[in-house]
Amino acid sequence: MNTAGHPEATTRRDLELTPFRGLELTPFRGLRYDPDRVGSLAAVTSPPYDVVVRPDGVHYLQSADPHNIVRLILPEADTPTARNAQAADTLHRWLTEGVLTADPEPGLYVYEQRDGNGMLQRGIIGALRVSDPAEGVVLPHEDVMPHIVADRADLMRATSANLEPLLLTYRGNDGAASEVVERTAEKPPLLATTTEDGFSHRLWSITDPADVARVQSDLAHHQALIADGHHRWATYRRLRAEHPSPSPWDYGLVLLVDTARYPLRVRAIHRLLHGLPVPDALSALQGHFRVRRVDAPLPEALTSLGEAAGSGNAFLLAGDGTFHLVDRPDPDLLTRTVPADRPEAWRTLDAAVLHATLLDHIWHVPEDSPAHIAYIHDAAATVRKAERDGSTAVLMHPVHEDVVRELARQGVTMPRKSTSFGPKPASGLVLRALNI
């Protein structure tokens, strides 16, 4: 196969003269809510499981509708085993009662998101062949936390379902897949709803064999970057390894977005350091970083963070009623603490400096301990929780997508929870059951 026209398909496998096996997307019979059995489609949706701010967000979504998808992706019970059993029982009951029903024939799905500010994103939802990193087909850019992978794997085993798609990007260059997406979006949708955040969502199915084949043939030339869902992709890989092939576990539910046509937004993921008061965090920084107080509302403080990040590593600390801009790290300190066996682009990442220098060396906060650190997507929510708990919020500046993609192509993973690509697909619009 000639991949010369597809530079993103250049991988170590190509260099070894091994034929490139690109993205393999397969139709499936989607599970969808029966709109006559729920209050509204908007009321049963949820952000992805790791974006929901627990427990406040879980309880709010539960109260929105008794059938909200959060009862499946974030079940609540006293033990992990009980939570997963509860999710499995809930899914079975909703299927039996007809709250969720399977579409009559397999298909791919075109998914559209719009906001009130002119943002439009379209992509394709399907079951993607699960591959290993060495194949260079799906590129991760972040490390994962084993306990989260184990938690997601237990939930998927219990439910035998992919409950929400992860988000992948590829550079399609207006190929056949994009043509099918745009033509499909001109038809009446299967569903349309507007969620509380102001986003409108529409979904179509692609069931015509010729269109499915055109999409599959085009995607076979491409590789994808994981934009959101590293832990779920790692979970797919774990579960595939547990089941002899061929099996439904050879595939996982994804949303593929052509970012040549629909660029994603890249936002930061913030940190909440439990049990570390802001005065203690600031005191430990003396002599290592410059620290300045920012007496301004959150939006202006984040603007100051962005300006400082333009010339080097910078962070915004909060939790004591104001903001503290932390920048200009001691170069000798960075030399001693940041791993030297990585590319320069990695060594200068804010997340690399945060984890290697601040968390590990200065504050002694274990990055994989939920008792010590939480990862939160919303800056305001992070600040509120820090102020309420007497903890420290570390607000981050986002990384540019090109940096992420280039590091991923080099096989270099970024520190965990380095980026938040969006808009993320709403959970609850289409699910994949592995036994249907």
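So, here's what we can say about the structure.

The rules behind these values
Along each chain, numbering runs from 1 in the same order as the chain's sequence is written. Whole-chain, interface and lining totals are the exception, using all residues; otherwise, since this is a predicted model, local features are given only for residues with pLDDT of at least 70 and side-chain atom pairs are given and counted only at 80 or more. Hydrogens and waters are ignored; side-chain quantities use all the structure's heavy atoms. Classification of ring pairs uses Phe, Tyr and Trp, with its six-membered ring standing for Trp, and accepts pairs whose centres are within 6.5 Å; under 30 degrees between planes counts as stacked, over 60 as edge-to-face, and the remaining range as tilted. Helix numbers and strand numbers start at the N terminus; a helix is a DSSP run of H or I with at least 4 residues, a strand a run of E with at least 2. Any residue under 20% of the maximum accessible area for its type is buried, any over 50% is exposed, and the rest in between are partly exposed; the area is computed with a 1.4 Å probe on protein chains only. A ring is considered to have a charge above it if a Lys NZ or an Arg CZ atom is located within 6 Å of its centre and within 35 degrees of its normal. With a 1 Å grid laid over protein atoms only, a set of points is called a cavity when a 1.4 Å probe fits there but cannot get out and a pocket when it is open yet has protein on both sides within 12 Å along at least five of seven lines; lining residues have an atom within 4 Å of a point. Grid points are joined across faces, edges and corners, and a volume is the space filled by probe spheres set on the points. When DSSP finds two or more bridges between a pair of strands, those strands are recorded as paired. The set of buried Ala, Val, Leu, Ile, Met, Phe, Trp, Tyr and Cys residues whose side-chain atoms join them within 4.5 Å is what this entry labels a nonpolar core. When checking whether two residues touch, look at their non-hydrogen atoms; a contact exists if any pair is within 4.5 Å. Salt bridge, as used here, is a side-chain nitrogen of Lys or Arg placed within 4 Å of a carboxyl oxygen of Asp or Glu.

Let us now look at the packing of aromatic side chains. Two descriptors summarise a pair of aromatic rings, namely the distance from one centre to the other and the angle between the planes of the rings. Evaluated as defined, the whole model comprises three aromatic pairs. When the ring of Phe28 is compared with that of Tyr109, the centres are 5.3 Å apart and the planes differ by 55°; the resulting orientation is tilted. Here Phe28 is found in the loop between β1 (25-26) and β2 (30-33), whereas its partner Tyr109 is found in strand β4 (residues 108-114), with 81 residues between them in sequence. For the residue pair Phe28 and Tyr109, the accessibility class agrees, reading buried in each case. Ring centres of Tyr33 and Trp94 lie 6.1 Å apart, and the angle between their planes is 50°; this geometry places the pair in the tilted category. Of this pair, Tyr33 sits in strand β2 while Trp94 sits in helix α4 (residues 80-97), and the two are 61 residues apart along the sequence. Note on accessibility: Tyr33 and Trp94 belong to one class, buried. Lying across the ring of Trp346, Arg342 places its NZ or CZ 4.4 Å from the centre.

Turning next to empty space enclosed by the protein. Enumeration over the complete set of coordinates arrives at three cavities of 30 Å³ or more. Considering only enclosed or pocket space, the largest cavity measures out at about 100 Å³ in volume. Residue assignment for the lining of the largest cavity shows that the elements contributing at least two residues are β11 (224-228) and α8 (230-242). A per-element tally of the lining of the largest cavity places α8 first, with three residues.

Attention now goes to the pairing of strand β8 (residues 166-170). Taking burial as the measure, the five residues of β8 include five buried ones, the bulk of the element. Taking every second residue as pointing to the same face, both faces of β8 are buried, with Leu166, Leu168 and Tyr170 on one and Leu167 and Thr169 on the other. With five bridges joining them, β8 and strand β12 (residues 251-258) adopt parallel strand pairing. Paired with Thr169 across the strands is Val257, a residue of β12. As paired elements, β8 and β11 share three bridges and run antiparallel to each other. Following the sheet pairing, Leu167 is matched in β11 by Asp228.

All right, on to the pairing of strand β14 (residues 270-273) then. Covered by surrounding structure in β14 are His270 and Leu272 together with Arg271 and Leu273, the residues of both alternating faces. Of the strand pairs in this sheet, β14 and strand β18 (residues 373-376) are connected by four bridges, and their pairing is antiparallel. In the sheet register, Leu272 faces β18, and the bridge partner there is Ala374. Examined bridge by bridge, β14 and strand β19 (residues 392-395) share three bridges and lie antiparallel to one another. Within β19, the residue paired with Arg271 across the bridge is Val394.

Glancing now at the nonpolar core. Core analysis: the biggest nonpolar cluster contains 116 residues, and Phe315 and Trp363 have the highest contact counts within it. For this core, the leading source of residues is helix α13 (residues 350-363), giving nine residues. Contacts of Phe315, omitting those with residues within four sequence positions, involve Phe289, Leu305, His324, Leu325, Val326, Asp350, Val353, Leu354, Leu358, Val394, Leu395 and Met396. Residues Ala301, Ala318, Leu325 and Ala374 belong to the second largest nonpolar core, which totals 20 residues.

Counted by the stated rule, this structure contains 28 salt bridges. For Glu182, the salt bridge is made with Arg122, and the minimal N-O distance between the two is 2.6 Å. Taken as a pair, Glu182 in helix α6 (residues 176-184) and Arg122 in strand β5 (residues 120-129) lie far apart in primary sequence, 60 residues in all. With its nearest N and O atoms 3.4 Å apart, the salt bridge here joins Asp132 to Arg237.

All we've got here are geometric facts, nothing functional implied.
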